[in-house]
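Residue strings, one per chain:
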Amino acid sequence: MDFAVGDAAAFSRTITETDFTIFAGLSGDYNPIHVDKEYARETFFGERISHGLLTASFLSRLLGMHLPGPGSVYVSQTLTFKKPVYIGDTITARAEVIKVEDEKRLLTLATTCLNQHGEIVLDGEGVMKLPKKERNR
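Here is what the cut-offs are and how they apply
Residues numbered from 1 in each chain as written. Predicted model: local features only at pLDDT ≥ 70, side-chain atom pairs only at ≥ 80, totals over all residues. Heavy atoms only, no water. Helix = DSSP H or I, 4+ residues; strand = E, 2+ residues; numbered from the N terminus. Contact = heavy atoms within 4.5 Å. Areas by Shrake-Rupley, 256 points an atom, 1.4 Å probe, with all protein chains shown as cover. Lys, Arg positive; Asp, Glu negative; His and termini not counted. Charge placed at Lys NZ, Arg CZ, Asp CG, Glu CD. Expected span 1.5 Å × (residues − 1). Buried < 20%, exposed > 50% of the residue type's maximum accessible area, 1.4 Å probe, protein only.

The chain is annotated in an unreviewed UniProt entry as Enoyl-CoA hydratase from Oceanobacillus profundus.

The structure is reproduced here in structure tokens:
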């Protein structure tokens, strides 16, 4: 495998109202804390917050497209939600390899999402199965 402990990747994206709407439609999660401005205004958050799994989906993009990248698949992912994410927040998804299991073709990665203030909003650990390398013919 071409991966080592300490390898890392990241990308950033700003959360939009359209993201909330599309994710609610895809997931079927129309919890008013996500979709109802008046309801959310009366909560301790004071406004709508992102679906936790919308934020977590950035990890899927990061691991599936960047590190380890195309062809790899999730084995597991733990998630701890630390702070709310709001419309307009810029989230940086980051992953760092913390364990390499060559024979099993597994990578364990520390996964984190931070907001534009550098605050951790989501923390976890992912395990990815790497594809077999194709042989030259």
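More follows now that the structure is in view.
Asker: I keep staring at the overall build of the chain and nothing clicks. Help me out?
Answerer: Looking only at helices and strands, one finds four helices and five strands in the chain. Each principal axis of the C-alpha distribution contributes one length, and for the chain these read about 60 × 30 × 20 Å. Sequence-distant contacts, at least 24 apart, represent 65% of the contacts inside the chain between residues at least 6 apart. As displayed, the chain offers around 8,100 Å² of accessible surface, 51% of which is attributable to carbon and sulfur atoms. Charged side chains of the chain number 16 positive and 18 negative; the gap between the two group centres comes to 8 Å.

Asker: Quick question: what am I supposed to make of helix H4 (residues 52-65) here?
Answerer: Note on helix geometry: an α-helix contains 3.6 residues per turn, so any two residues three or four positions apart are oriented the same way. Counted at 1.5 Å a residue, the expected span for H4 with its 14 residues is 20 Å, and the 21 Å between its end C-alpha atoms agrees. Of the positions making up H4, those classed as buried are Leu 54, Thr 55, Ala 56, Phe 58, Leu 59, Leu 62, Leu 63 and Gly 64. Next to the buried residues of H4 lie strand E1 (8-14), helix H1 (17-27), strand E2 (73-81), strand E3 (90-101), strand E4 (106-114) and strand E5 (120-129).

Asker: Even after reading the chapter, I still don't get unusual backbone geometry, so can you show me in this structure?
Answerer: Glycine aside, a negative phi is what most residues show, and trans is what most peptide bonds show. With an omega dihedral of 10°, the bond running from Leu 67 to Pro 68 counts as a cis peptide bond. Mapped onto the elements of the fold, Pro 68 is located in the loop between H4 and E2.

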